[in-house]
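Per-entry structural report
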Amino acid sequence: MSIAIILMSISFLMVSYFSYEKCKAYSLKAVFIKTICSLLFISLAVYSIYQSGYHYFSPLASIALVLGMLGDIFLEMKYVFKEKDNEFTYAGFVVFGLGHICYITG
């Protein structure tokens, strides 16, 4: 079985588990699961780059995926730590913005 199929299958299961946990309550556990999901997506991207060969867009896309993961973490944390809502929201927006700059540059 292909590594890509295995990574996609695990990602699907983790996203499903994340959705379940987030519907129960906002928690650090849900943030942790979301981080694992993002790491699996990044792993799939790196594996795909390895399989298909280097392309000038590859590093920018990889950086953008990592920035997207950080943005997701910040935006999830604002629900866990409500007293820091504005800080986490702005941090998430800035990091997502930087990620989009990487995508546009590529």
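Procedures and definitions
Residues numbered from 1 in each chain as written. Predicted model: local features only at pLDDT ≥ 70, side-chain atom pairs only at ≥ 80, totals over all residues. Heavy atoms only, no water. Helix = DSSP H or I, 4+ residues; strand = E, 2+ residues; numbered from the N terminus. Buried < 20%, exposed > 50% of the residue type's maximum accessible area, 1.4 Å probe, protein only. Contact = heavy atoms within 4.5 Å. Areas by Shrake-Rupley, 256 points an atom, 1.4 Å probe, with all protein chains shown as cover. Core = buried A, V, L, I, M, F, W, Y, C linked by side-chain atoms within 4.5 Å. Patch = residues over 30% accessible without salt bridge, like charges linked within 9 Å, V, L, I, M, F, W, Y side chains within 5 Å. Salt bridge = Lys/Arg side-chain N within 4 Å of Asp/Glu carboxyl O. Expected span 1.5 Å × (residues − 1). Arc of directions from axis to C-beta.

Attention now goes to the overall build of the chain. On a plain count of helices and strands, the chain comes out with 4 helices and 0 strands. In the chain, the succession of helices and strands from N to C terminus is α-α-α-α. Dimensions of the chain, computed from the C-alpha atoms along their principal axes, are close to 45 × 35 × 15 Å. Counting every position in the chain, which comprises 106 residues, the buried fraction comes to 35%. Summarising the internal contacts of the chain: among those between residues at least 6 apart in sequence, 64% fall at separations of at least 24. By element, 73% of the accessible surface of the chain is carried by carbon and sulfur atoms, the whole surface being about 6,700 Å².

Here we come to the nonpolar core. Looking at soluble globular proteins, one finds that nonpolar side chains tend to be buried together. The biggest cluster of nonpolar side chains holds 10 residues, and these are Ala 4, Leu 7, Met 14, Phe 18, Ala 30, Ile 33, Cys 37, Leu 40, Leu 44 and Tyr 47. Broken down by secondary-structure element, the contributors of at least two residues to this core are α1 (3-24) and α2 (28-52). Here this core gets 6 residues from one element, more than from any other, and that element is α2. When near neighbours in sequence (up to four residues on either side) are disregarded, Ala 4 contacts Leu 44 and Tyr 47. Residues Val 31, Ile 42, Met 69 and Met 77 belong to the second largest nonpolar core, which totals 6 residues.

Before going further, it helps to spend a moment on the side chain of Lys 34. Looking at the secondary structure, you find Lys 34 in helix α2. In this structure, Lys 34 is in contact with Phe 18, Asp 72 and Glu 76, ignoring residues within four places of it in sequence.

This part covers the environment of Leu 40. Position of Leu 40 relative to the elements: it lies in helix α2. Taking relative accessible area as the criterion, Leu 40 reaches 14% and is therefore assigned buried. As for Leu 40 and Phe 12, which are separated by 28 residues in sequence, their C-alpha atoms are 9.8 Å apart. Sequence-distant contacts of Leu 40, that is, excluding residues within four places in its chain, are made with Leu 7, Ile 10, Ser 11 and Met 14.

Here we come to a nonpolar patch on the surface. A cluster of nonpolar side chains, contributed by Val 94, Leu 98 and Ile 101, occupies part of the molecular surface with about 270 Å² of accessible area. Take Val 94: it is sitting in helix α4 (residues 85-105). Taking the relative accessible area as the measure of exposure, Val 94 reaches 51% and is therefore exposed.

This part is about α4. The end-to-end C-alpha distance of α4 is 30 Å, a good match for the 30 Å that 21 residues give at a rise of 1.5 Å each. The complete set of buried residues in α4 reads Phe 88, Thr 89, Gly 92, Val 95, Gly 99 and Cys 102. When α4 is viewed along its axis, its buried side chains cluster within an angular range of 145° and face the same direction. Facing away from the buried side of α4 by over 90 degrees, the exposed positions are Tyr 90, Phe 93, Val 94, Ile 104 and Thr 105.

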